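Residues per chain are reported as follows:
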Amino acid sequence: MENINERFEEFIKALRPTDAQIDLAKDELDFIEEKFESFEIEDHHDFSFKKALRSGSYAKKTILKRHETGDFDADIGIYFDVEDPEKLSPHDLMDHVEAVLRRAYKNRTGRTPQFERCKSAVRVKFDTHPKINIDAVPIVSLEHSSIDNYGYIPRRDLEKRKTSVTEHVKFVSDRNNLHNSTAYNQIFMLFKWWKNNAFDEALRSKVSSFFLELVIAKAFDETYKTFTTDWIGNLLKVGSWIARNRLRESIYFVDKRIPITNFPKDPVIVLDSVNPQNNVAANWTTQDRDNFANKIQNMCDVLNDALNEATAGDIDSAVEILDLVFPNFSTWSLE
């Protein structure tokens with residue numbers, strides 16, 4: 001099985017942005033942080049910049065590039081101290097973030113971005129390759145007795161979504177240390193690549209990266225103690241756990257610092273590990289749940305076929321089968 005494991009290692013490398021692309025994103029994130037530290041907008045005296053933290057898949061090391069162009073996304077959380085967090089208008093804070101970004105990039109030569117409002121961020125879009133999208137997410141800083149960098153995201157729909165950039169990154173990094181041969185973040189990357197190619201547009205939008213991160217984390221927690229060094233076998237264990245669960249049982253994570261007071265009545269329940277009031281599957285239907293479960297079962301069937309071929313020593317057939325769930329595996333896994 002050693003040969004097929006090496007192919008997985010090469011494939012994961014191919015899914016990631018290159019070191020040069022990561023450095024380019026880092027330069028933009030550093031630039032944005034520097035400008036928020038130095039710029040002030042005189043119209044607002046009820047909030048002030050506190051800190052900027054790398055967040056999302058960039059900070060978690062689960063980032064995928066959009067092949068073949070190598071485009072990718074990176075996130076940065078912009079924390080603010082707010083005089084009265086409950087009375088703050090989310091539109092004021094979003095306006096402030098966009099104003100700083102526009103001012104910062106106004107006279108910058110080279111890569112000139114466009115700006116776009118999202119549900120909870122201002123997106124900085126670069127049209128020159130690689131087409132990096134940087135989402136600047138405003139966060140109102142809140143005090144918490146035991147959670148660092150706690151706060152809420154003032155969303156466009158007026159929801160104040162509790163979060164912690166630090167805790168979300170730690171959620172992934174802690175699991176990476178539990179099994180070195182097939183680290184959690186790499187398993188998650190493979191499932192993200194499968195997701196991007198497995199669903200029609202309607203369901204793919206519901207299978208968000210955050211949703212998948214939580215579901216894969218729960219399956220990983222339940223199975224990693226039985227892992228070996230075999231990539232296909234470990235992926236099959238994770239997928240099989242989800243296929244058995246079929247999202248009929250609630251997905252949640254026990255944390256004494258963030259007690260779960262009640263569960264929603266939604267058909268599918270996948271609770272944010274830092275904010276259990278946020279069911280990331282709140283808009284799912286029973287049909288969505290069944291469609292997702294069927295896709296997972298199909299994936300497991302393909303992985304099982306590939307495992308049988310690899311065990312029998314027919315690596316070429318195993319690689320060809322893996323293309324069915326991980327498109328381009330046969331070519332991108334070559335050194």
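Residues numbered from 1 in each chain as written. Predicted model: local features only at pLDDT ≥ 70, side-chain atom pairs only at ≥ 80, totals over all residues. Heavy atoms only, no water.

K.L.:
I'd like a description of the overall build of the protein chain, backed by residues and values.
P.N.:
The number of helices and strands found in the protein chain is 12 helices and seven strands. A compact globule built from 335 residues should have a C-alpha radius of gyration of about 20 Å, and the protein chain, at 21 Å, falls within 12% of that. Out of the 335 residues belonging to the protein chain, those deemed buried represent 53%. Contacts spanning at least 24 positions in sequence make up 64% of the contacts within the protein chain whose residues lie at least 6 apart. When the accessible area of the protein chain is evaluated, it comes to approximately 16,000 Å², of which 44% is carbon and sulfur surface. (Helix = DSSP H or I, 4+ residues; strand = E, 2+ residues; numbered from the N terminus. Rg over C-alpha atoms; globule rule 2.2 N^0.38 Å. Buried < 20%, exposed > 50% of the residue type's maximum accessible area, 1.4 Å probe, protein only. Contact = heavy atoms within 4.5 Å. Areas by Shrake-Rupley, 256 points an atom, 1.4 Å probe, with all protein chains shown as cover.)

K.L.:
So what's going on with the packing of aromatic side chains? Residues and values would help.
P.N.:
Any aromatic ring pair is given by two values, namely how distant the centres are and how the planes are angled relative to each other. Per the stated rule, a full pass over the model turns up 27 aromatic pairs. On the numbers, 6.3 Å between centres and 80° between planes, the contact of Phe8 with Phe326 is edge-to-face. Placement of Phe8 in helix α1 (residues 2–15) and of Phe326 in the loop between α11 (315–322) and α12 (329–332) is noted, with a sequence separation of 318 residues between them. Each member of the pair, Phe8 as well as Phe326, is classed as buried. Centroid distance Phe171 to Phe253: 5.0 Å. Interplanar angle 90°. Geometry classified as edge-to-face. In this pair, Phe171 sits in helix α5 (residues 165–176) while Phe253 sits in the loop between α9 (231–245) and α10 (286–311), placing the two residues 82 residues apart along the sequence. (Phe/Tyr/Trp six-rings, centres within 6.5 Å; stacked < 30°, edge-to-face > 60°.)

K.L.:
How would you summarise the pattern of salt bridges if you had to cite specific residues and measurements?
P.N.:
Two side chains of opposite charge can pair, provided their charged atoms sit close to one another. Under the defined criterion, the tally for this structure stands at 23 salt bridges. When the shortest N-O distance is used, the salt bridge between Arg102 and Glu98 registers 2.9 Å. Here Arg102 pairs with Glu98, and both are found in helix α4 (residues 90–105), just four residues apart, close to one helical turn. Arg102 gets classed as partly exposed once you look at its relative accessible area, which sits at 42%. (Salt bridge = Lys/Arg side-chain N within 4 Å of Asp/Glu carboxyl O.)

K.L.:
A description of helix α8 (residues 209–223) should follow, citing residues and the corresponding values.
P.N.:
Over its 15 residues, α8 runs 21 Å from end to end, which matches the ideal 21 Å to within 8%, given 1.5 Å per residue. The buried fraction of α8 amounts to 11 of the 15 residues, a majority that puts the element mostly inside the structure. Three or more residues of α8 are buried, namely Phe211, Leu212, Glu213, Leu214, Val215, Ile216, Ala217, Lys218, Ala219, Phe220 and Thr223. Those residues of α8 that are buried are in contact with α3 (56–60), α5, α6 (184–198), α7 (201–206), α9 and α10. (Expected span 1.5 Å × (residues − 1).)

K.L.:
Give me a nonpolar patch on the surface: which residues, what numbers.
P.N.:
The grouping of Tyr252, Val254 and Phe263 at the surface amounts to a nonpolar patch, some 290 Å² of accessible area in total. If you trace the backbone, Val254 turns up in the loop between α9 and α10. A relative accessible area of 75% means that Val254 is categorised as exposed. (Patch = residues over 30% accessible without salt bridge, like charges linked within 9 Å, V, L, I, M, F, W, Y side chains within 5 Å.)

K.L.:
Account for unusual backbone geometry, naming residues and giving values.
P.N.:
We note that Leu158 has phi near 80°; this positive angle belongs to a residue other than glycine. Relative to the helices and strands, Leu158 is located in the loop between β6 (150–154) and β7 (160–164). Here Arg246, not a glycine, exhibits a phi torsion of approximately 55°, which is positive. If you trace the backbone, Arg246 turns up in the loop between α9 and α10.

K.L.:
Quick rundown of the pairing of strand β4 (residues 122–125)? Include the residues and the values.
P.N.:
In β4, alternate side chains face the same way, and those of Val122 and Val124 are buried while those of Arg123 and Lys125 on the opposite face are not. Remark: four residues form the turn of the hairpin made by strand β3 (residues 114–117) and β4, two consecutive strands paired antiparallel. One ladder, built from four bridges, connects β4 with strand β5 (residues 133–141); its direction is antiparallel. From the neighbouring strand, Lys125 faces β5, where its bridge partner is Asn133. (Pairing = 2+ DSSP bridges.)

K.L.:
Would you mind going over the packing of α6 against α10 in detail, with residue names and values included?
P.N.:
At a closest axis distance of 12 Å, the pairing of α6 and α10 adopts a crossing angle of 115°. Where α6 crosses over α10, the handedness of that crossing is right-handed. Within the contact between the two elements, α6 uses Phe191, Trp194 and Ala198 and α10 uses Phe292, Lys295, Ile296 and Met299. Classifying every residue of the contact of α6 with α10 gives six nonpolar, no polar and one charged. (Axes fitted to C-alpha atoms, helices over the stretch in contact; angles between N-to-C directions. Left-handed = near helix turned anticlockwise from the far one by under 90°. Nonpolar A, V, L, I, M, F, W, Y, C, P; charged D, E, K, R; others polar.)

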